[in-house]
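Chain residues, written in single-letter form:
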Amino acid sequence: MTPRKKFRFGERQETPATSDTPLALTPEDEANLNAYVGKIKETVAILRKEITAIKNGELEVVSNVFEEKSKVLKWLELRTPLVEPFLNHEIALKLNIKRHLADLKKNIEEDGAMLSRMAVAARTILREVERINNRNGLADIYGKSGQKVSGMSGGKMRIDREF
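Residues numbered from 1 in each chain as written. Predicted model: local features only at pLDDT ≥ 70, side-chain atom pairs only at ≥ 80, totals over all residues. Heavy atoms only, no water.

Attention now moves to the overall build of the chain. Along the backbone of the chain there are five helices and zero strands. The order of helices and strands in the chain, counted from the N terminus, is α-α-α-α-α. The proportion of buried residues among the 163 residues of the chain is 22%. Of the contacts made within the chain by residues no fewer than 6 positions apart, 65% connect residues no fewer than 24 positions apart. Of the roughly 12700 Å² of accessible surface on the chain, 56% is carried by carbon and sulfur atoms. (Helix = DSSP H or I, 4+ residues; strand = E, 2+ residues; numbered from the N terminus. Buried < 20%, exposed > 50% of the residue type's maximum accessible area, 1.4 Å probe, protein only. Contact = heavy atoms within 4.5 Å. Areas by Shrake-Rupley, 256 points an atom, 1.4 Å probe, with all protein chains shown as cover.)

It is worth spelling out the packing of helix 3 (residues 60-83) against helix 5 (residues 97-134) at this point. Two numbers describe how helix 3 lies on helix 5: the axes approach to 14 Å, and their chain directions differ by 145°. In the crossing of helix 3 with helix 5, the sense of the turn from one axis to the other is left-handed. Facing Val62, Lys69, Leu73, Leu76 and Val83 of helix 3, the residues of helix 5 in contact are Ile97, Leu104, Ile108, Asp111, Leu115 and Met118. Taken together, the residues of the contact of helix 3 with helix 5 sort by class into nine nonpolar, no polar and two charged. (Axes fitted to C-alpha atoms, helices over the stretch in contact; angles between N-to-C directions. Left-handed = near helix turned anticlockwise from the far one by under 90°. Nonpolar A, V, L, I, M, F, W, Y, C, P; charged D, E, K, R; others polar.)

The biggest cluster of nonpolar side chains holds 14 residues, and the ones touching the most others in it are Leu33, Tyr36, Ile40, Leu76, Val83, Ile97 and Leu104. Broken down by secondary-structure element, the contributors of at least two residues to this core are helix 2 (27-55), helix 3, helix 4 (90-94) and helix 5. Of the residues forming this core, the biggest block, six residues, is contributed by helix 2. In terms of nonpolar packing, the next biggest core, distinct from the first, is built from five residues, Ile46, Ala53, Val61 and Val65 among them. (Core = buried A, V, L, I, M, F, W, Y, C linked by side-chain atoms within 4.5 Å.)

What follows deals with the environment of methionine 114. With respect to the helices and strands, methionine 114 occurs in helix 5. The spatial distance from the C-alpha of methionine 114 to the C-alpha of lysine 55 is 8.9 Å, given a sequence separation of 59 residues. Sequence-distant contacts of methionine 114, that is, excluding residues within four places in its chain, are made with Ile51, Ile54 and Lys55.

Below, the discussion takes up the side chain of threonine 26. Within the element layout of this structure, threonine 26 appears in the loop between helix 1 (8-13) and helix 2. Looking at threonine 26, its side chain comes within polar contact range of the side chain of aspartate 29, at 2.9 Å. (Polar contact = N/O pair within 3.5 Å; in protein donor to acceptor, adjacent residues only side chain to side chain.)

The terminal C-alpha atoms of helix 3 lie 34 Å apart, and with 24 residues this matches the ideal 34 Å at 1.5 Å per residue to within 8%. Most pronounced at phenylalanine 66, the bend in helix 3 amounts to some 40°. Taken as a whole, helix 3 has its buried residues at Val61, Val62, Val65, Lys69, Val72, Leu76 and Val83. (Expected span 1.5 Å × (residues − 1). Bend = angle between axes of the 7 residues up to and from the residue.)

A positive phi angle, close to 55°, is found at asparagine 96, a residue other than glycine. Residue asparagine 96 is classed as partly exposed on the basis of its relative accessible area of 37%.

Under the counting rule described, the total for this entry stands at eleven salt bridges. With its nearest N and O atoms 2.8 Å apart, the salt bridge here joins glutamate 50 to lysine 69. Of this pair, glutamate 50 sits in helix 2 while lysine 69 sits in helix 3, placing them 19 residues apart in sequence. Taken individually, glutamate 50 and lysine 69 each receive the classification buried, so the pair is uniform in this respect. Glutamate 110 serves as the salt-bridge partner of lysine 55, at 3.3 Å between the closest nitrogen and oxygen. Within this pair, whereas lysine 55 is found in helix 2, its partner glutamate 110 is found in helix 5, the two being separated by 55 residues in sequence. According to the relative accessible area criterion, lysine 55 is exposed, its value standing at 53%. (Salt bridge = Lys/Arg side-chain N within 4 Å of Asp/Glu carboxyl O.)

And the structure:
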């Protein structure tokens, strides 16, 4: 017969938490809190790097940082339920987790706004290029190299008739 699994929340039942006493903090919980703060700092550093690069016109950094940023944000998302019950615990207060979270939120909002403006600008440029290409009906007459497209290539053929 397999032994009964032991869960951390089962350990907490031995020392029940009331509204007056906070949840008991295990060494693993404390390690989670420390790792969480470290990952928040890492995420803020990545966001600041991206924001600075965008402001300096180094837009290639956005694609270079994307995967790294996605990984740390996913890590934070998955670890948040482990940390959330302890946000008002003495250790969390010493680590200033709430201040770090507020800083993270501010940087995420700034980065999101900049990326949103970049997306709007890219769509505007794309529309303008399409409008220029389609102006005066030249889209099917000339190819990309500037050479006339022959009528046999399957493109639209227009016939002008005068009466």
